[in-house]
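Geometric and topological summary
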Amino acid sequence: MGYQGFYFNMTRCIGCKTCQIACKDRNDQDIGINFRLVKTFELGLYPNPSIYHYSGACNHCANPKCVEGCPTGAMYVADDGTVQHDKNKCIGCRYCIWNCPYGAPQFIPELGKVGKCDSCKDLRENGENPVCVDACIMRALEWGDIEELRARHAGEELTSELPILAPPHITNPSLLIKPKKNARLKEYQEKEM
Amino acid sequence: MASFINKVNELNLSRRSFLKASAVATASLPLVGCGNSLIKSATENVTGEEGEWITAACWHNCGGRCLNKALVVDGIVVRQKTDDTHMDSPEFPQQRACLRGRSQRQQVFGADRLKYPMKRKNWAPGGGNKELRGQDEWVRISWEEALDIVASELKRNIQEHGNRSIFSTLEFGSLANSEIAKLLTLVGGCVTHSGTRSWGTWKATPRLIGEIPEPMPGLQINDRFDLLNCKTVIMLGANPAWSAISGTPYYTRLANEAGAKFIFIDPFYNDTASLVDGEWIPVRPATDTAFLLGVAYVMITTDDPVTNPIIDWEFLKANTVGFDEESMPEDADPKDNFKDYVLGTYDGVPKTPEWASKICGAKPDQIRYLANELRMHNKVALLTAYAPARNKNADNLPQLVMTIGAMGGHMGKSGHCTGVSSNANAFNGGPRLVQPGGDGIPPYKNPVDDSIRDAVMWPAILDGEYSYVGSLDGGPFLPAERRKLDIKVIYNGGVGNSLQSRDGMNKGIKAYRKVDFVVTHAQFLNTQAKYSDVVLPVTTWWERLGGFLTGGRETLFMYSQVVKPLYEAKDDAWVAEELAKLLGVDPKKLYPFDEKQQFFNKIAGSTVVTDDGKGMEPLVTITNEDIAEWGVQGKPQKGRIGLKELQKKGVYQVERHANDNFGYIAFSDPPAAVAGATQEKFFDKSKIKIYSKEFEDTINAMGFSKIRGIPTYIEPEDGYEKTFSDWDNQIKGEFPFQVMNPHYLRRSHTVFDNIRWLQEAWPSPLFINENDAKAHGISTGDTVLLTSPHGQTLRTALLTQRFIPGVIGLPHGSWPDIDEKTGIDTGGADNMLCGAISTGQGTSGWNTAICNIEKYKGTPLVPDVQRPQRIIF
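Residues numbered from 1 in each chain as written. Chains lettered and ligands numbered in written order. Predicted model: local features only at pLDDT ≥ 70, side-chain atom pairs only at ≥ 80, totals over all residues. Heavy atoms only, no water.

1. Topic: the overall build of chain B
Counted only if it meets this: Secondary structure elements are taken from DSSP: a helix is a run of H or I of four residues or more, a strand is a run of E of two residues or more, and numbering for both begins at the N terminus. The reference for a compact globule is 2.2 Å times residues^0.38; the radius of gyration itself is calculated from the C-alpha atoms. Categorising residues by exposure relies on relative accessible area from a 1.4 Å probe, with only protein chains included: less than 20% of the type maximum marks a residue as buried, more than 50% marks it as exposed, and the intermediate range marks it as partly exposed. Throughout, a residue-residue contact means that at least one pair of heavy atoms, one from each residue, lies within 4.5 Å. Using a 1.4 Å probe, accessible areas were evaluated by the Shrake-Rupley method; residue-level cover was limited to the displayed protein chains. Only four residue types enter the charge count: Lys and Arg as positive, Asp and Glu as negative, with His and the chain ends excluded. Every charge is mapped onto a representative atom, which is NZ of Lys, CZ of Arg, CG of Asp or CD of Glu.
Summing up its helical and strand segments, chain B has 28 helices and 36 strands in all. Taking 873 residues into account, the globule formula puts the C-alpha radius of gyration at 29 Å, and chain B, at 27 Å, falls close to it. For the C-alpha atoms alone, the extent of chain B along its principal axes is close to 85 × 65 × 55 Å. Within chain B, buried positions represent 64% of all 873 residues. Counting contacts in chain B only where the partners sit at least 6 residues apart, residues at least 24 apart contribute 72% of the total. Of the roughly 29,900 Å² of accessible surface on chain B, 50% is carried by carbon and sulfur atoms. Each charge sign in chain B was given a centre, from 95 positive and 104 negative side chains, and these centres are 4 Å apart.

Rendered as structure tokens:
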């Protein structure tokens, strides 16, 4: 089965967080819950600093530890290969939060349950993209079949392995990043701009 | 709320009936403010097939304009989307909204929307306890009582003290909200103000140094397709990733991919620089004139027309006046030419890179490097945003930018341009290709000619006198005339939040506490509302009939009503009409016809560029059915797009591609299609005045400070030199840091600051160079006290390597929240530090401010997202 996931072109991202806000709007989230989250990192010393931004959501892993560890089956792999969450089965035990190396599932106190990026599955079934993809002002995000994305972006040194991320062999994320060169360096500091 | 949720979970409602029920139950509560679980369960699987997408106004002063649409299901806005009206491509891009526009649902329906008219408890005619302005309790009053108070205060003060006792802080002539301005002119007029605002010294200087087009509507630089031909793009104080996010960062990315190298001259290694892998030349704020004089020196001294042609002497000779002795006007002293000033021929101070470096902080080699980049045969775009001109004593800066560009001949041809790249025309110059029509309301004139410069409007009220020098909004520019002033009423009618956004906030608050009556129209308890006596809740543009909005030259947005007015909020126009009745003015004098007719007139009068690019033609096809349906006066017409279609689509975008008929080369032959721009404002190439006696005399006669007719270095008030107690020995003084106020993506000026999602995403810290912070014992997360000669404010530190040492970045627009006991602002408001000082043309020099920084010993700040919302009732 083909896996689907996000392509993120870090070289285009200006860290504006429009994708983060578009996702919050679509999922009607309170503060504290961000199914897509953008972070900024800084390296180097004045007068030669460098920065990069990272926009991450659920990576709809091929080997999802959240599904593996879910006692009720609320976390499951859907027919289209994406990782989905059934609110009705969720008991809010938060094992998925423990298991996910990317912070994708988040606990929603009002519901007493977890939630996460669902890749806007219902919109996709209606022929649309996830809202973050169409929101991006810099056209840095794409969604689709991972192998198709890989072919479309051949030659871009795509990776899902970066110092700021967990090693990909743990969950096999369906995630293709075109990184900035500085994102491969280990001496980064996160900055909440 | 909780019991309602339980009830809902027990029931087996269909989604539609659930939404209906929730709408009724929560009609009196903003849906967003009480948590989101209700809406969340309701909107699962809403794919847009139910409900209606309505084009929602994105009305903000963000420097751009984008498409936002709201999905309305049974009267509730459940989510938003942006432009999907056509396939996206670099040539014909979608007009994608930013995070602020996409947060408007949170804004319009926020729990802190003002619901009812209110007055402060301790107000009485005459002022009551004026000191309590800003800290009083609020009392809900009816609209009848509110309008009565406003009308009687206006009437009484006009009768007893004359119209010159009324001060309107409206920005005359800006986006739509001139309702109160119109009203006041019909009852005898009022005192107003004008300032350099966003433009800095680009407001007046271009008109005085030649027939250079006004920077807006963006006629100084080439269009985005031609900019792809540039090899070197110089960005002087420009950061479109934060300041002009609508379209521009995308265009800069495309230019970079097409082969352009970018050089950023800025105190901050900004996000645009990072995007295009640009080179960064760190400079101190308000030192750009020194920097560019150093560049001019290198260009002059390294130029050799044969072996090293830097200067385009032909261009200079043909198009400028005053560059050297030979080209000075006949009635001028030939020694006053620019070249000899730069060389130090007569003043003995050659403006070498070393001279410049001491002031601006750039390294001499960087100045030499930039001068070489500006050589005539390099395809250069010398672009500046307004920030470097939003400085005290910077009147000559626009003149100097044009001089440098002219020296390299970087004007009037493909791949070269010099000028302002800002707002909606950032990286995309040229006249508008699609234009809205007018509403048909005749223009109004203020019988009172008093106009105070923004920079000193608060002192004018406090001192009871001011220098009248004409207006910066279209002139005239006049010699100083001292006038007495006795303001009794401050009327904040709509657009703007000037108590927060103008220089010298501490003096502003004192001025507010001096006058007898302050009334404000507001949607939230923003700064000027907070310090008012009466606050009138007004609608947002989502709650109004509809209209047009513009941004970049290629697009026109048509928005429609999304929801009915919330609570008791009213339109500003309704308030004006009701006050008119109470003041004995026929409302028909304000609005001869209704809102629908006004909107229709705009639609009928909209125009679009013809296919050959040479003229304009009607945009909208209007049928007799349309006219009947609208119930308006009008004639059918043939246009490009039907009225209903345009309303549904919400946008008309001129489709562009490379080598089409809609390109623009600035300072070349004027294009035929000049919608909205008058022909005579086009640049007359024989007149770039590198020396201008008229410029010198006009500015000097205003009496704020002196300039010379050529660009010279003038030490700015509250500038770099003022951070020293002993300049010669380089010993720092009481206020050793310079303050810069970058535009910041959480806000559009002061709007959006109160929106939770945006507070969470962009916490608005104080940016401090890491070494500077460590030297002061400050770590990231510490609360820092900033003290300037004019006030104090607090912000949380973020240490960074991205700022030049000695400069701190305090993001523009943060709402003040002053501790009355200490006088210290806990909100990080920029104008607490920036003083009410007027220089030159009367510039608001926000990037010329100095301060001391120290770790605060008092109560640490909590993150803005945790501070209580200003919910009154």
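2. Comments concerning the overall build of chain A
In terms of regular secondary structure, chain A is built from six helices and ten strands. Here chain A has a C-alpha radius of gyration of 16 Å; the compact-globule value for 193 residues is 16 Å, and the two agree. With the C-alpha coordinates aligned to their principal axes, the bounding extent of chain A is approximately 55 × 35 × 30 Å. Intrachain contacts of chain A at a sequence separation of at least 6 include 59% that bridge at least 24 residues. If you sum the accessible surface of chain A, you get close to 8,000 Å²; carbon and sulfur atoms cover 49% of it. Averaged over its 23 positive side-chain charges, chain A has a centre that lies 4 Å from the centre of its 24 negative ones.

3. Concerning the packing of helix H11 (residues 288-302) of chain B against helix H16 (residues 397-407) of chain B
Residues and elements named next belong to chain B. Heads up, the condition is: Whenever a helix is involved, its axis is fitted only over the stretch in contact; in every case the axis is a line through C-alpha atoms, and angles between N-to-C directions fall within 0 to 180 degrees. An angle counts as roughly parallel when it lies under 35 degrees, as roughly antiparallel when it exceeds 145, as roughly perpendicular when it falls between 65 and 115, and as oblique in every other case. Left-handed describes a crossing whose near helix is turned anticlockwise from the far helix through less than a right angle; right-handed describes the clockwise counterpart. Residue classes follow a fixed rule: Ala, Val, Leu, Ile, Met, Phe, Trp, Tyr, Cys and Pro count as nonpolar, while Asp, Glu, Lys and Arg count as charged, and any other residue, Gly among them, counts as polar.
Where H11 meets H16, the closest approach of the two axes is 10 Å, and the angle between their N-to-C directions is 25°. As far as their axial angle goes, H16 and H11 are roughly parallel. Read as a crossing pair, H11 and H16 show a hand that is left-handed. In this structure, H11 contributes Asp-288, Thr-289, Leu-292, Leu-293, Val-295, Ala-296, Met-299 and Ile-300 to the contact, and H16 contributes Leu-397, Leu-400, Val-401, Ile-404 and Met-407. Considering only residue class, the contact of H11 with H16 consists of eleven nonpolar, one polar and one charged.

4. Things to note about the interface of chain B and chain A
Applied cut-off: What counts as buried area is the accessible surface, traced by a 1.4 Å probe, that two parts surrender upon association, with contributions from both included. Only one rule defines a salt bridge in this text: a Lys or Arg side-chain nitrogen within 4 Å of an Asp or Glu carboxyl oxygen. We define a polar contact as two N or O atoms separated by no more than 3.5 Å, with the added condition that, inside protein, one atom must be a possible hydrogen donor and the other a possible acceptor, whereas residues neighbouring each other in sequence contribute only through side-chain atom pairs.
At the junction of the two partners, chain B supplies 62 residues and chain A supplies 52 residues. When chain B packs against chain A, close to 4,700 Å² is buried across both sides, 53% of that on carbon and sulfur atoms. One can count four salt bridges joining chain B with chain A. Residue B:Arg105 is joined to A:Asp25 by a salt bridge in which the shortest nitrogen-to-oxygen separation is 2.7 Å. At the boundary of chain B and chain A, one finds 22 residue pairs in polar contact (both at pLDDT 80 or more). In terms of residue count, helix H27 (residues 756-761) of chain B provides more of the side of chain B that touches chain A than any other element does, five residues in total. Class assignment for the residues of the side of chain B that touches chain A results in 32 nonpolar, 15 polar and 15 charged.

5. Brief notes about helix H19 (residues 505-512) of chain B
Residue and element names in this part refer to chain B. Keep this limit in mind: What the arc describes is the spread of directions from the helix axis to the C-beta atoms.
Taken as a whole, H19 has its buried residues at Met-505, Gly-508, Ile-509, Ala-511 and Tyr-512. Buried residues along H19 cover an arc of 160° about the axis, so they all sit on one side. Of the surrounding secondary structure, the elements contacted by the buried residues of H19 are helix H17 (457-463), strand E18 (489-492), helix H18 (498-501), strand E19 (517-522) and helix H20 (527-530).

6. Things to note about the environment of B:Tyr567
With respect to the element layout, B:Tyr567 can be found in the loop between strand E22 (555-560) and helix H21 (572-582). On a C-alpha basis, the gap between B:Tyr567 and B:Phe517 in space is 25 Å, while along the polypeptide they are 50 residues apart.

7. With respect to the pairing of strand E20 (residues 534-537) of chain B
Residue and element names in this part refer to chain B. Here is the rule: DSSP bridges decide pairing: two strands pair if at least two such bridges lie between them.
Of the two faces of E20, the one carrying Val-534 and Leu-536 and the one carrying Val-535 and Pro-537 are both buried. As paired strands, strand E4 (residues 118-120) and E20 are joined by two bridges and run antiparallel to one another. Each residue of the ladder has a partner; that of Met-118, found in E20, is Val-535. Two strands pair when backbone bridges link them, and E19 and E20 are joined in this way by four bridges, in the parallel orientation. Its bridge partner being in E20, Val-519 is matched across the sheet by Val-534.

8. Observations concerning the confidence of the model for chain B
All names here are of chain B. Note the threshold: pLDDT gives the predictor's per-residue confidence on a scale running from 0 to 100.
Per-residue pLDDT for chain B has a mean of 91; in total, 91% of the residues score no lower than 70. The low-confidence segment residues 1-8 (pLDDT under 50) makes eleven contacts with residues lying over four places distant or belonging to another chain. With pLDDT under 50 throughout, residues 173-177 is counted as low confidence; its partners more than four residues away or in other chains account for 13 contacts. Listed scores for the predicted complex are pTM 0.94 and ipTM 0.98.

9. Points about the sheet that holds strand E10 (residues 189-190) of chain A
Sheet strands associate in pairs through backbone hydrogen bonding, adopting either a parallel or an antiparallel arrangement. Residues and elements named next belong to chain A. Read from one edge to the other, the open sheet built from three strands follows the order E3-E2-E10, with strand pairing classed as antiparallel. The sheet terminates laterally at strand E3 (50-56) and E10, the two strands that pair on one side only. Relative to E3, strand E2 (residues 37-43) is paired through seven bridges, and the arrangement is antiparallel. Paired with Phe-41 across the bridge in E3 is Tyr-52.

10. With respect to the sheet that holds strand E8 (residues 141-145) of chain A
Residues and elements named next belong to chain A. Taken in spatial order, the three strands make up an open sheet running E8-E1-E9, and their pairing is mixed. The sheet terminates laterally at E8 and strand E9 (175-178), the two strands that pair on one side only. Averaged over all pairs of adjacent strands, the angle between their axes in this sheet comes to 20°, without regard to strand direction. Both strand E1 (residues 4-9) and E9 contribute to a ladder of four bridges, which runs parallel. Paired with Asn-9 across the two strands is Lys-178, which belongs to E9.

11. Some points on the environment of B:Leu590
All names here are of chain B. Locating Leu-590 in the fold gives a position in helix H22 (residues 587-590). Along the primary structure Leu-590 and Leu-183 are separated by 407 residues, whereas in three dimensions their C-alpha atoms are 6.6 Å apart. Setting aside residues up to four positions removed in sequence, Leu-590 forms contacts with Glu-179, Lys-182, Leu-183, Leu-186, Ile-441, Ala-576, Glu-577 and Ala-580.

12. Focus: the pattern of salt bridges
All names here are of chain B. For the coordinates displayed, the defined rule picks out 62 salt bridges over all chains. Between Arg-133 and Asp-533 there is a salt bridge; the shortest N-O distance is 2.7 Å. Of this pair, Arg-133 sits in the loop between E4 and strand E5 (138-140) while Asp-533 sits in the loop between H20 and E20; the two residues are 400 residues apart in sequence, bridging distant segments of the chain. Accessibility assignment for this pair places Arg-133 and Asp-533 in one class, buried.

13. Regarding the packing of H11(B) against helix H15 (residues 364-373) of chain B
All names here are of chain B. It is the contact of H11 with H15, at a shortest axis distance of 8 Å, that shows an interaxial angle of 65°. Classified by chirality, the crossing of H15 by H11 is right-handed. Facing Phe-291, Gly-294, Val-295, Val-298 and Met-299 of H11, the residues of H15 in contact are Ile-367, Arg-368, Leu-370 and Ala-371. Class assignment of the residues belonging to the contact of H11 with H15 gives a composition of seven nonpolar, one polar and one charged.

14. So, the nonpolar core
To keep things clear, this is the line we draw: What we call a nonpolar core is a set of buried Ala, Val, Leu, Ile, Met, Phe, Trp, Tyr and Cys residues that are connected through their side-chain atoms within 4.5 Å.
Among the nonpolar cores identified, the biggest contains 84 residues, and A:Tyr54, B:Val233, B:Trp242 and B:Phe262 are the most heavily contacted of them. Here the element with the most residues in this core is helix H9 (residues 248-257) of chain B; it accounts for four residues. For B:Phe262, the contacting residues outside a window of four places in its chain are B:Val233, B:Met235, B:Thr252, B:Ala255, B:Asn256, B:Val276, B:Gly278, B:Glu279 and B:Phe427. Residues B:Phe315, B:Ile367, B:Leu382 and B:Val401 belong to the second largest nonpolar core, which totals 60 residues.

15. Here we look at the state of the cysteines
As used here, a disulfide is simply a covalent bond connecting the sulfur atoms of two cysteines. What counts is decided by this rule: By convention in this document, the label disulfide applies to cysteine sulfur atom pairs within 2.5 Å.
For the coordinates displayed, the defined rule picks out zero disulfides over all chains. Free of any disulfide, A:Cys132 has its nearest neighbouring cysteine sulfur in A:Cys120, separated by 6.3 Å.

16. What to know about the packing of aromatic side chains
Keep this limit in mind: A pair of Phe, Tyr and Trp rings is counted when the ring centres sit within 6.5 Å of each other, with Trp represented by its six-membered ring. The angle between the planes then sorts it: under 30 degrees is stacked, over 60 is edge-to-face, the rest tilted. Think of it as a cone above the ring: NZ of Lys or CZ of Arg counts as a charge over the ring if it is within 6 Å of the ring centre and within 35 degrees of the ring normal.
Under the counting rule described, the total for this entry stands at 32 aromatic pairs over all chains. Aromatic pair A:Phe8 and A:Tyr54: ring centres 5.6 Å apart, planes at 90°, arrangement edge-to-face. With A:Phe8 in strand E1 and A:Tyr54 in strand E3, this residue pair connects regions lying 46 residues apart in the sequence. Judged by its relative accessible area of 2%, A:Phe8 is buried. Aromatic side chains B:Phe109 and B:Trp542 sit 6.2 Å apart centroid to centroid with 70° between the ring planes, which places their arrangement in the edge-to-face category. Of this pair, B:Phe109 sits in the loop between helix H4 (104-108) and E4 while B:Trp542 sits in the loop between E20 and strand E21 (546-550), and the two are 433 residues apart along the sequence. For the pair B:Phe109 and B:Trp542, a shared accessibility class is recorded, and that class is buried. For A:Lys17, the ring lying beneath its charged end belongs to B:Trp762, and the centroid distance is 5.4 Å. Seen from the ring of B:Tyr250, A:Arg139 lies directly overhead, with NZ or CZ sitting 4.1 Å from the centre.

17. As for the pairing of strand E17 (residues 477-484) of chain B
Residue and element names in this part refer to chain B. Taken together, the five bridges between strand E16 (residues 465-470) and E17 define a ladder with antiparallel strand orientation. For Glu-465, the partnering residue across the bridge sits in E17 and is Lys-484. Where E16 folds back onto E17 in an antiparallel hairpin, the turn is made up of six residues, including Gly-474, whose phi is positive at roughly 85°.

18. Considerations on the side chain of B:Glu770
By secondary structure assignment, the location of B:Glu770 is in helix H28 (residues 770-775). A residue is classified by how much of its surface remains accessible, and B:Glu770, at 9% relative accessible area, is buried.

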